[in-house]
Amino acid sequence: MEKQEMTKLERANFGSRLGVILATAGSAVGLGNVWRFPYMAGENGGAVFIIIYVACVLLLGIPCMISEFIIGRHGQCNTARAFYKLAEGNGWSLIGYMGVLTGFLITGYYAVVAGWCIQYVWASLAGYMTGSPDYFQQYFNEFSADPVKPVLWTVVILAITYLIIEHGVRNGIERASKAMMPTLFLLLLVIVVASCMLPDANKGIEFLFYPDFSKINSDVFLAALGQSFYSLSIAMGCLCTYASYFSKQTNLTKSAIQIGVIDSIVAILAGLMIFPAAFSVGVSPDSGPSLIFITLPNVFSQAFASMPVLGYIISLLFFVLLSLAALTSLMSLHEVSTAFFQEELDISRKKAALIVTVATAIIGAICSLSLGAVDTTLTFLGETLFDWFDFITGQIFLPMVGFLTCIFIGWFVPHKVVRDEFTNQGTLRGQFFHFYLFMVKYVCPLGILFIFLHQLGLLN
Ligand code: PHE
């Protein structure tokens, strides 16, 4: 009883500025940085795309991120309640619940892919990551359609997440992020160096950075915008939940910019890890799960064929890196629902985390099984449940929650409240406040609306 009283009075928080940045950047840096960004950059005009992307992050992504930070830190509670507090209980409270639901649904599905990464760490260790292109294709097809193994790995990664989350914000999330993020960065640099030293690596670098203005059109713009939102973990409750653990002194604008910059650097470095190796062996890279689980193992195995030990190490490091990136994102997704259940049901953190782990493991297992193990019963309108989760969360809920959050902050929350959070109760100058408000009121909602219509094929 006493303990519960205490948790109500003293909300958990991150212990340091570095903790804030690394944990939140950990949420942002994920599979999206590796499996989508590099390919999109290469296909859509190289350096020009990268400039557009960074502009989207700075001008649209960061204002949205700051808005979620404002709501979360103001509320000092889970996402649903944080919106409820600001909305004073009216209909706008629903956005918070939608954010939690989106985060919850995506946790199970993200855990499946994170589980695959761990399986591939194991496969690399055991020396299975060498062979012909057909071998990698077949390996992945057989593995992902297996009824037991992927489900088992989904449970394993969720159990690891549980063990971290259960230790709390400072001893769990913050400590794990401080260990994992620098390791991830180091691994990335090692692989980038190895990849860029391969013969003909410059062709890959050129593919990534060659500015081709002719490829720029509205599609590219919207694709960059959509990718920047996903990559920054916007509209899933993660940023809002983490911000509820920020201290009153945390400079929200500065933190958002730092996180956006780290996320973009990792995405660009991921391109420098992938393309030089792929071009060196003449394989054309693609995107999505097939890039990381079929194309790249093959690329690494071929590129380092003359130095098999190096090939073995690079493949292993690559999957460790992916697992770390996926795990830090998964932690933030898990925390959204854990904080929600803990506070709304008034139960211990351990119990809440356990409920979330079991429930998302069930969702994950169903998604995983829909990929082939029991395909006829787990498809709907010809698509697997896995694809449905991806579509509903990423393409419907994400833009909807993002759009409504901007409208809510820009038009309904009193500007004084927004300003006070933005300037840490007037202790910061807040010279960008008017710019921020303008973006959130007009530009961000319109931008998100366009992405939404574009993704649904209603706008070309
Ligand atoms: N930002 C993560 C990535 O780039 C994905 C993610 C989205 C994670 C939303 C958490 C919440 O992979």
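Everything numeric in this text was worked out from a predicted model, so none of it was measured.

So, how was this worked out
- Residues numbered from 1 in each chain as written.
- Predicted model: local features only at pLDDT ≥ 70, side-chain atom pairs only at ≥ 80, totals over all residues.
- Heavy atoms only, no water.
- Helix = DSSP H or I, 4+ residues; strand = E, 2+ residues; numbered from the N terminus.
- Buried < 20%, exposed > 50% of the residue type's maximum accessible area, 1.4 Å probe, protein only.
- Contact = heavy atoms within 4.5 Å.
- Areas by Shrake-Rupley, 256 points an atom, 1.4 Å probe, with all protein chains shown as cover.
- Lys, Arg positive; Asp, Glu negative; His and termini not counted.
- Charge placed at Lys NZ, Arg CZ, Asp CG, Glu CD.
- Core = buried A, V, L, I, M, F, W, Y, C linked by side-chain atoms within 4.5 Å.
- Axes fitted to C-alpha atoms, helices over the stretch in contact; angles between N-to-C directions.
- Parallel < 35°, antiparallel > 145°, perpendicular 65-115°, else oblique.
- Left-handed = near helix turned anticlockwise from the far one by under 90°.
- Nonpolar A, V, L, I, M, F, W, Y, C, P; charged D, E, K, R; others polar.
- Near = heavy atom within 4 Å.
- Polar contact = N/O pair within 3.5 Å; in protein donor to acceptor, adjacent residues only side chain to side chain.

### Considering the overall build of the protein
Then step 1. Secondary structure assignment for the protein yields 20 helices and two strands.
Then step 2. Principal-axis analysis of the C-alpha atoms places the extent of the protein at approximately 65 × 50 × 45 Å.
Then step 3. Here the protein, with 460 residues, has 57% of them falling under the buried criterion.
Then step 4. For the protein, restricting intrachain contacts to residue pairs at least 6 apart in sequence, the fraction spanning at least 24 positions comes to 81%.
Then step 5. Surface accessibility of the protein: about 18,500 Å² in total, with carbon and sulfur atoms responsible for 67%.
Then step 6. Averaging the locations of the 23 positively and 27 negatively charged side chains of the protein gives two centres separated by 13 Å.

### Some details on unusual backbone geometry
Then step 1. In this structure, Glu-88 is a non-glycine residue whose phi angle is positive, near 50°.
Then step 2. By the secondary structure assignment, Glu-88 is in the loop between helix H6 (79-87) and helix H7 (93-125).
Then step 3. Among the residues examined, Glu-88 registers a relative accessible area of 72% and is labelled exposed.

### Digging into the nonpolar core
Then step 1. In terms of nonpolar packing, the biggest core is built from 154 residues, with Met-273, Ile-292, Phe-318 and Tyr-436 touching the most fellow members.
Then step 2. Looking at this core, the element that brings in the most residues is H7, giving 18 residues.
Then step 3. Those residues in contact with Met-273 that sit more than four places away from it in its chain are Val-34, Leu-188, Ile-191, Val-192, Ser-195, Phe-300, Phe-318 and Leu-321.

### A word on the packing of H7 against helix H17 (residues 349-369)
Then step 1. H17 packs onto H7 with a crossing angle of 55° between their chain directions and a minimal axis gap of 8 Å. One finds that H7 runs oblique with respect to H17. The chirality of how H7 crosses H17 is right-handed. Seen from H7, the contacting residues are Phe-104, Leu-105, Thr-107, Gly-108, Tyr-109 and Val-112; seen from H17, they are Ala-359, Thr-360, Ile-363, Gly-364, Cys-367 and Ser-368.
Then step 2. Residue composition of the contact of H7 with H17, by class: seven nonpolar, five polar and no charged.

### Quick look at the site of the ligand
Then step 1. What surrounds the ligand is a group of 15 residues, the closest being Ala-28, Leu-31, Gly-32, Tyr-110 and Tyr-230.
Then step 2. At 3.1 Å from a nitrogen atom of the ligand is found a main-chain nitrogen or oxygen belonging to Ser-231.
Then step 3. Relative to its free-state accessible area of 320 Å², the ligand is covered by the protein chains to the extent of 100%.
Then step 4. Contributions of two or more residues to the shell around the ligand are made by helix H2 (17-28), helix H3 (31-35), helix H12 (218-231) and helix H16 (308-344).
Then step 5. Looking at the shell around the ligand residue by residue, the classes come out as seven nonpolar, eight polar and no charged.

Honestly, that's just the spatial picture; any functional story needs more than this.
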